[in-house]
Amino acid sequence: MREDLRVRIGGDTTSFNAALRKAGRQAQSFTKALSPLKNTLFSMKGAIAGMVGGYGLVKLSHGFLDAARTAENYQVRLKVLLGSTKEGNRLFKEMAGYASRVPFEYQAVMESATQLAGVMQGGVNQIKQWMPMIGDLAAASGLSIQETTNQIIRMYSAGAQAADMFRERGILAMLGFKAGVSYSVEDTRKMLMEAWKEPTSKFRDATKELAKTWDGAMSMLS
């Protein structure tokens, strides 16, 4: 029989078949050596999964704590701005209810209501009247409720001409305010509410329409 092919492995000359047998034995030894490591890796996998689950629970608990802290801070601010714990709590509950019905996040609604509480002298009842109008205007204009609130406060305090962002985006014109005309604070407030309440209003109930969209639903869920 023809002699096996001679190869050189590790400095020694040996047959090809012998080299294969030697390589097979080394592979078996290597696999055996890896066995404990395999068990360790599976244990690590379980530990990592546990850590991820624990991390999720920690994040969830932090979320609840952050929400509680935020709510408490708003309650304190409303109490100070309205000069009454009872009225502060009443507005807090009213706005929490409003936030659950509109496509804006709770914190954004509470921040807007708190800003209004520092400006409007009519207290809870007046803020309850203005917030739905602000929400509808924000939904129709595409601005955030905070941006809309800031512009409304400018108009409420200094007249329509003070709302620079509304003027640049054509929102003042939509509301019936004419360019170059100076409006008093009283006229501005009256026109704002009339533009929202009139039967032909261009933005009334815009929050209801926005709530039907994907973005609106996700905002309410958030």
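Residues numbered from 1 in each chain as written. Predicted model: local features only at pLDDT ≥ 70, side-chain atom pairs only at ≥ 80, totals over all residues. Heavy atoms only, no water.

Enquirer: Please give an account of the pattern of salt bridges that cites residues and values.
Expert: Counting across every chain of the model gives six salt bridges. With its nearest N and O atoms 3.6 Å apart, the salt bridge here joins Glu 94 to Lys 128. With Glu 94 in helix α2 (residues 85-99) and Lys 128 in helix α4 (residues 123-141), this residue pair connects regions lying 34 residues apart in the sequence. For Glu 94, a relative accessible area of 31% gives the class partly exposed. Judged by its relative accessible area of 33%, Lys 128 falls in the partly exposed class. (Salt bridge = Lys/Arg side-chain N within 4 Å of Asp/Glu carboxyl O. Helix = DSSP H or I, 4+ residues; strand = E, 2+ residues; numbered from the N terminus. Buried < 20%, exposed > 50% of the residue type's maximum accessible area, 1.4 Å probe, protein only.)

Enquirer: Give a description of the packing of aromatic side chains that names residues and reports values.
Expert: Under the counting rule described, the total for this entry stands at three aromatic pairs. Here Trp 130 and Tyr 156 contribute two aromatic rings whose centre-to-centre distance is 5.4 Å and whose plane-to-plane angle is 90°, an arrangement assigned as edge-to-face. Here Tyr 156 lies in helix α5 (residues 145-158) and Trp 130 lies in helix α4, a separation of 26 residues in the sequence. Considering the side-chain rings of Phe 177 and Tyr 183, the 5.0 Å spacing of their centres and the 85° angle between planes classify their relative orientation as edge-to-face. Each member of the pair, Phe 177 together with Tyr 183, is buried. The ring centre of Trp 196 lies 4.4 Å from the NZ or CZ of Arg 204, which sits over that ring. (Phe/Tyr/Trp six-rings, centres within 6.5 Å; stacked < 30°, edge-to-face > 60°. Lys NZ or Arg CZ within 6 Å of the ring centre and 35° of its normal.)

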